[in-house]
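Below are the chains, spelled out letter by letter.
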Amino acid sequence: MSAPRNVVELLQDLIRIPSVNPHGDPGTDEVGEGPIAEYLKEFLASLGAQVELREVLPGRPNVVAHWPGARPGKPRVLFAPHTDTVSVGGMSIDPFSGDVRDGKVWGRGASDTKGPMAAMLWALKMAGETLPGLGHEVWFAGLMSEEADQHGSRALSAQERFDFVIAAEPTELDVVYTHKGSAFFNLRTTGQAGHASRPDPRSNAIDKMLDLLAVIRTEFATEFAAQHDPVLGSSTLSIGTIRGGTKTNIIPDFCEASVDMRFVPAHYHAEIIQRFRERLEKVCPDVEINSIPAPPLYTDPAHPLIAKLGECGAKPVGAPWFCDACYFAERGTPAVALGPGSIRQAHTKDEYIAVADVEKGVEFFRNFIALL
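A. Looking closely at the overall build of the chain. Across its full length, the chain carries nine helices and 18 strands. For the chain, whose C-alpha radius of gyration is 23 Å, the value lies close to the compact-globule estimate of 21 Å for 372 residues. Along the first, second and third principal axes, the C-alpha atoms of the chain reach 75 × 40 × 35 Å. Within the chain, the fraction of its 372 residues that count as buried is 55%. The contacts in the chain between residues at least 6 apart in sequence include a share of 79% that link residues at least 24 apart. With an accessible surface of roughly 16,000 Å², the chain has 50% of that area assigned to carbon and sulfur atoms.

Set out below in structure tokens:
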């Protein structure tokens, strides 16, 4: 693969390297972040960075790079896009084409988040030899597995100390300084199969699940609706999936359901997931519960580097979604999400990003880097 001559060619290269998260149904056999990590390692090394691949899961590394300066102890700024994408199942376009037409670059990850990543990388390339002499030490990390369980950001936030983090997401170049926390509750109940002519609620897995969901839709929903944030609105919950049983005239011996919970920052605390778990176990003692929560994000919008982002044209906003920034913030590091493109194009069956937006992103990050 020849070296890209501009940011659009760089984005095309990134899209053409499948990096689908293997969680769930990826829609392709070409999964994992290994190949794109190798590409990024080579590209970053060509910019003079010190680069290493840090394996987080087998064959799935973080890419970690930095430009050390002559003066030690400078504050560290991290540019942190994620390298994985969601499933390509059901897409109406070739997910890995990287085609340019109608002023847009098409393919999985074009918006979320290879477009913002390309803009960051090209801005770093344009900054060139000035990077070591800046007042901040510049770091870049291609984080694996943001789209499922955030393994990459959780690993790097535990390994390194940073003074400010920008997670790349398609925010239309606004600075997301706060977002809700999240917990996906996966519930499973079991029963005993038998003839439906002799039903027994104690053996019916679906009946057990309905009891659990009744608590979620009443007690939990009332609590969530009462939690309000002036920027993010209320905490929310939504029952997303449910399936169970095998046939109408057989007592179901299993039922599975998933619940999407979103917490405003004041609602979320370390013990809340355990409290919900214990309440559901009182209703159904043998329920199986799996949940990996993501904390909310809040960084003081008066932070000096948010002010510098504002000088470049970014206004502070909140977001209903969550991202890698929250794991750095959880450890006390000021973190935000920012990048070109719109979240409305993310995860769609015909994902794209406008060429003009990517180029605008390069100019934005180039201006911000110059202020460091």
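B. The arrangement of the pairing of strand β2 (residues 60-67) in detail. Along β2, eight of the eight residues are buried, which leaves the element largely enclosed by surrounding structure. Side chains Arg 60, Asn 62, Val 64 and His 66 project from β2 onto one buried face, and the interleaved Pro 61, Val 63, Ala 65 and Trp 67 project onto a second face that is buried too. Here strand β1 (residues 50-57) runs beside β2; their pairing, made up of seven bridges, is antiparallel. Within β2, the position partnered with Leu 57 by the bridge is Arg 60. Counting the residues in the hairpin turn of β1 and β2 gives two residues, including Gly 59, whose phi is positive at 75 degrees. Bridge count between β2 and strand β6 (residues 137-142): five bridges; the pairing is antiparallel. Of the residues in β6, the one forming a bridge with Ala 65 is Phe 140.

C. How the structure looks around the sheet that holds strand β4 (residues 100-101). Strand order in this open sheet of three strands is β4-β5-β18, and the pairing throughout is antiparallel. Two strands in the sheet have a free side with no partner beyond their single neighbour: β4 and β18 (352-354). Note: strand β5 (residues 104-106) against β18, three bridges, orientation antiparallel. If you follow Lys 104 over to β18, its bridge partner there is Ala 354. Lying on the sheet, helix α9 (residues 355-370) is in contact with β4, β5 and β18; it crosses β18 at an angle near 65 degrees.

D. Representation of the pattern of salt bridges. Scanning all chains against the criterion turns up 16 salt bridges. The partner of Glu 33 in a salt bridge is Arg 60, and the shortest N-O contact between them spans 2.7 Å. Highlighted residues: Glu 33 in the loop between α1 (7-15) and α2 (34-46) and Arg 60 in strand β2, separated in sequence by 27 residues. Taken individually, Glu 33 and Arg 60 each receive the classification buried, so the pair is uniform in this respect. Within this structure, Glu 52, Arg 54, Arg 76, Glu 137 and Glu 160 form a network of salt bridges that share partners.

E. Broad picture of the environment of Leu 156. The residue Leu 156 is located in helix α4 (residues 151-159) in this model. Classification of Leu 156 by relative accessible area gives buried; the value is 0%. In this structure, the C-alpha to C-alpha distance between Leu 156 and Ile 251, residues 95 residues apart in sequence, is 47 Å. If near-sequence neighbours (up to four positions away) are discounted, Leu 156 is found in contact with Arg 54, Asn 62, Val 64, Leu 78, Ala 141, Leu 143, Phe 162 and Phe 328.

F. Here's a closer look at the pairing of β6. In terms of burial, β6 is largely enclosed, as six of its six residues are buried. In β6, alternate side chains face the same way, and those of Glu 137, Trp 139 and Ala 141 on one face and Val 138, Phe 140 and Gly 142 on the other are all buried. Where strand β3 (residues 76-80) meets β6, four bridges bridge the pair, whose relative direction is parallel. Its bridge partner lying in β6, Arg 76 is registered against Glu 137.

G. Quick peek at the packing of α1 against α9. Here α1 crosses α9 at 110 degrees, and the two axes come no closer than 10 Å. One element, α1, and the other, α9, form an angle in the roughly perpendicular class. Each of Val 7, Val 8 and Leu 11 in α1 lies in contact with α9, whose residues at this interface are Val 355, Val 358, Glu 359 and Val 362.

H. A look at the state of the cysteines. Counting across every chain of the model gives zero disulfides. Just so you know, Cys 284 is unpaired, no disulfide at all, and the nearest cysteine sulfur is the one on Cys 255, 10 Å from it. Summary of cysteine pairing: Cys 323 is not part of a disulfide, and the nearest cysteine sulfur, belonging to Cys 326, is at 6.4 Å.

Conventions adopted
Throughout this document, residue positions are counted from 1 along each chain, in the order its sequence is written. Restriction of local features to residues with pLDDT of at least 70 applies here, the model being predicted, together with a cutoff of 80 or more for giving and counting side-chain atom pairs; totals for whole chains, interfaces and linings are based on all residues. Side-chain metrics rest on all non-hydrogen atoms present in the structure, leaving aside hydrogens and water. Each helix is a run of DSSP H or I of at least 4 residues and each strand a run of E of at least 2, with the numbering of both proceeding from the N terminus. Within these notes, the globule rule equals 2.2 Å times the number of residues to the 0.38 power, and the radius of gyration is based on C-alpha atoms. To sort residues, take the accessible area from a 1.4 Å probe on protein chains only and compare it with the maximum for the residue type: under 20% means buried, over 50% means exposed, and anything in between is partly exposed. A contact between two residues is defined here by any heavy atoms of the two lying within 4.5 Å. Each accessible area is a Shrake-Rupley result for a 1.4 Å probe, and residues are judged covered by the shown protein chains and nothing else. Pairing between strands requires that DSSP locate at least two bridges from one strand to the other. To get an axis, fit a line to the C-alpha atoms, keeping to the stretch in contact for a helix; angles then go from 0 to 180 degrees between the N-to-C directions. Basic side-chain nitrogens of Lys or Arg form a salt bridge, by our definition, when they fall within 4 Å of a carboxyl oxygen of Asp or Glu. Orientation is classified from the angle alone, with under 35 degrees giving roughly parallel, over 145 giving roughly antiparallel, 65 to 115 giving roughly perpendicular, and any other angle giving oblique. What counts as a disulfide here is a pair of cysteine sulfur atoms lying within 2.5 Å.

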